[in-house]
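Results of the structural survey
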Amino acid sequence: MGHRMGIAACMAAGLLFVTGCGTSTDSTGTSTQSTSPGAEPAYAAALRPVITTLMKDNVIPGAVVVVKSPKQGNWTAAFGTRTIDSNEPMTVDDYFRVGSNTKTMTSTVILQLAQDGKLSLDDPIDKYWPGVPNGDQITIAQLNEMRSGLYSYTFDPQFNAALDNEPQKVWTPEELLAIAFAHPVNFQPGEKFEYSNTNFILLGLVIEKLTKTTAAESFQKRIFEPLSLKHTSLPAATDSSIPNPHPRAMPSAPTFPPSTPTLFLPRNKPRPSRAH
């Protein structure tokens, strides 16, 4: 399992198999594309200005928004453009990197392994990975719940400088853990909640140790295939490509591909399945 970091300023929410589409321009001048089997739900008119305001305030060039409501109706819409400096519109068929949504997938596999009797959520992490600060006290559950107290490597200044200077670098889990463990713990296990990416590096390693397969293979077998997510995958650490069509948060110069672990395509149609 490897990890690649980057910047993704495009926004994606939810998953929907699309059945029809139309395009329009709202009162802010933002081009949108919506999909629904019939007329748009009534709430769509209220959501559109909220979404476009959020995009403007956060300098987000494009977004795909999905709302699923059994009572009020489903709605999917694309807003804005694929890059900051172009007029190429977003579409609901665009591929996205879903970044930290991958943590939900990691937690799912951990819970499945607990259900299978391969681990206990009360197990200390040092049972599976030695050398973790407070590793004899931090449980699998506390890693999952962001209550470990471990420093997040993403806050390390040298790590962030390396991202700027060498954005294509592929980081091994061991490198990332070494960065985190060079810092003192932030608090004792279970004392409070604090978001730390270090927790999920460790959980990914636990998955790989217990299943004797890569995290990508576990996701594919345990999540993507059962749910028929044909366009969702965790790629090789060295693969920074993304299928077309896709947005790009940065300007059009081919210098900095945004990279976070996973992507999905919200449409069930035949395309090569490659993902980040």
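Residues numbered from 1 in each chain as written. Predicted model: local features only at pLDDT ≥ 70, side-chain atom pairs only at ≥ 80, totals over all residues. Heavy atoms only, no water.

**As for the nonpolar core**
In terms of nonpolar packing, the biggest core is built from 35 residues, with I125, I140 and L143 touching the most fellow members. Taken together, the elements giving at least two residues each to this core come down to α2 (101-115), α3 (140-144), α4 (157-165), α5 (173-181), α6 (197-211) and α7 (215-224). If one sorts the elements of this core by residue count, α6 sits on top with seven residues. The residues contacting L143, other than those within four sequence positions of it, are I125, I138, S148, L150, N199, F200, L202 and L203. Counting residues in each nonpolar core, the second largest holds ten residues, with A44, A63, V65 and F79 among its members. (Core = buried A, V, L, I, M, F, W, Y, C linked by side-chain atoms within 4.5 Å. Buried < 20%, exposed > 50% of the residue type's maximum accessible area, 1.4 Å probe, protein only. Helix = DSSP H or I, 4+ residues; strand = E, 2+ residues; numbered from the N terminus. Contact = heavy atoms within 4.5 Å.)

**A word on the pattern of salt bridges**
Going through the model one piece at a time under the given rule, you end up with six salt bridges. For R82, the salt bridge identified is with D94, shortest N-O distance 2.7 Å. Here R82, found in the loop between β5 (75-80) and β6 (96-97), pairs with D94, found in the loop between β5 and β6; they are twelve residues apart in sequence, far enough to count as distant. On the basis of relative accessible area, R82 is assigned to the buried category, the value being 9%. (Salt bridge = Lys/Arg side-chain N within 4 Å of Asp/Glu carboxyl O.)

**Overview of the side chain of D239**
When you line up the elements, D239 lands in the loop between α7 and β7 (263-264). At 2.6 Å, the side chain of D239 and the side chain of S241 are in polar contact. (Polar contact = N/O pair within 3.5 Å; in protein donor to acceptor, adjacent residues only side chain to side chain.)

**Overview of the packing of aromatic side chains**
Tallied over the entire structure, the rule returns five aromatic pairs. Aromatic pair Y153 and F159: ring centres 5.3 Å apart, planes at 90 degrees, arrangement edge-to-face. Under the relative-accessibility criterion, Y153 is labelled buried at 1%. An aromatic cluster is defined as three or more aromatic residues linked by ring pairs; in this entry it consists of Y43, W75 and F79. The ring of W171 has K169 sitting right over it, with the charged end atom 4.7 Å from the ring centre. (Phe/Tyr/Trp six-rings, centres within 6.5 Å; stacked < 30°, edge-to-face > 60°. Lys NZ or Arg CZ within 6 Å of the ring centre and 35° of its normal.)

**Points about the packing of α2 against α7**
Remark: α2 packs on α7, axes separated minimally by 10 Å, with the N-to-C direction vectors making an angle of 80 degrees. In terms of their interaxial angle, α2 and α7 are classed as roughly perpendicular. Of the residues in α7, those in contact with T102, M105, T106, T108, V109, Q112 and L113 of α2 are S218, F219, R222, I223 and F224. Residue composition of the contact of α2 with α7, by class: six nonpolar, five polar and one charged. (Axes fitted to C-alpha atoms, helices over the stretch in contact; angles between N-to-C directions. Parallel < 35°, antiparallel > 145°, perpendicular 65-115°, else oblique. Nonpolar A, V, L, I, M, F, W, Y, C, P; charged D, E, K, R; others polar.)

**Quick notes on α7**
Taken residue by residue, α7 has A215, S218, F219, I223 and F224 as its buried positions. Seen from one end, α7 has its buried residues packed into an arc of 150 degrees, which puts them on one side. Those residues of α7 that are buried lie in contact with α2 and α6. (Arc of directions from axis to C-beta.)

**Details of unusual backbone geometry**
Omega for the peptide link from N244 to P245 comes to 0 degrees, which places this bond in the cis form. As for its position among the elements, P245 is in the loop between α7 and β7. A positive phi angle, close to 60 degrees, is found at N134, a residue other than glycine. With respect to the secondary-structure elements, N134 resides in the loop between α2 and α3.

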